[in-house]
Amino acid sequence: MMFADPVDKASAIEEEARQRAIAKARANSKPTILPKGSCYNCEEPLNNKKLFCDADCATDHDKAERAERMR
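The model shown is predicted, which means the values in this text are computed figures rather than measured ones.

### Structural notes on helix α1 (residues 6-28)
When the terminal C-alpha atoms of α1 are compared, their 33 Å separation across 23 residues agrees well with the 33 Å that a helix rising 1.5 Å per residue should span. At the N-terminal end of α1, a side-chain oxygen is found 3.0 Å from the backbone nitrogen of Val 7, two or three residues along, and the residue is Asp 5.

Encoded structure:
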């Protein structure tokens, strides 16, 4: 691709790098989970907007998610 001047070329290179970085960050980001009425780890019913019943379940779920991504 031909550029009118070095600044245009540098700008195009910078934009390509930015788009690659954004794509990489999106690919590596953890999807957002929403409350479902029960603990995501042990399925204990929850009557509020919590995702997990306690810190142990949150930690266990996080470990399981990381292990799954490593496969």
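So much for the structure itself; the text now carries on.
### What to know about the state of the cysteines
A complete count under the given rule lists 0 disulfides for this structure. Cysteine Cys 53 remains unbridged, with the sulfur of Cys 57 as its closest cysteine sulfur at 3.6 Å. Classification of Cys 53 as buried rests on a relative accessible area of 16%.

### Examining the nonpolar core
If you look at the biggest cluster of nonpolar residues, it comprises 5 residues: Cys 39, Leu 46, Phe 52, Cys 53 and Cys 57. Every residue in contact with Phe 52, bar those within four places of it in the chain, is listed here: Ile 33, Cys 39, Tyr 40, Asn 41, Leu 46, Cys 57, Ala 58 and His 61.

### Remarks on the pattern of salt bridges
According to the stated counting rule, one finds 4 salt bridges in the structure shown. Among the ionic pairs, Glu 15 bridges to Arg 18, the shortest N-O distance being 3.1 Å. Taken together, the residues Glu 15 and Arg 18, both in helix α1 and 3 residues apart, mark about one turn of the helix. Take Glu 15: its relative accessible area is 33%, and that puts it in the partly exposed class. According to the relative accessible area criterion, Arg 18 is partly exposed, its value standing at 38%.

### Side note on the side chain of Ser 38
Within the element layout of this structure, Ser 38 appears in the loop between α1 and α2 (55-70). At 3.2 Å, the side chain of Ser 38 and the side chain of Glu 43 are in polar contact. Discounting chain neighbours no more than four positions away, the residues touching Ser 38 are Glu 43, Glu 44, Pro 45, Leu 46 and Leu 51.

### Digging into the packing of aromatic side chains
One pass over the full model with this rule turns up 1 aromatic pair. Lying over the aromatic face of Tyr 40, Lys 36 brings its terminal NZ or CZ to 4.6 Å of the ring centre.

### What about α2?
Because each turn of an α-helix spans 3.6 residues, side chains separated by three or four positions end up pointing in the same direction. An ideal rise of 1.5 Å per residue puts 22 Å on 16 residues; α2 measures up with 23 Å between its terminal C-alpha atoms. The N-capping residue of α2, defined by a side-chain oxygen 3.2 Å from the backbone nitrogen of Asp 56, is Asp 54.

The rules we used
Residues numbered from 1 in each chain as written. Predicted model: local features only at pLDDT ≥ 70, side-chain atom pairs only at ≥ 80, totals over all residues. Heavy atoms only, no water. Helix = DSSP H or I, 4+ residues; strand = E, 2+ residues; numbered from the N terminus. Expected span 1.5 Å × (residues − 1). Polar contact = N/O pair within 3.5 Å; in protein donor to acceptor, adjacent residues only side chain to side chain. Disulfide = S-S within 2.5 Å. Buried < 20%, exposed > 50% of the residue type's maximum accessible area, 1.4 Å probe, protein only. Core = buried A, V, L, I, M, F, W, Y, C linked by side-chain atoms within 4.5 Å. Contact = heavy atoms within 4.5 Å. Salt bridge = Lys/Arg side-chain N within 4 Å of Asp/Glu carboxyl O. Phe/Tyr/Trp six-rings, centres within 6.5 Å; stacked < 30°, edge-to-face > 60°. Lys NZ or Arg CZ within 6 Å of the ring centre and 35° of its normal.

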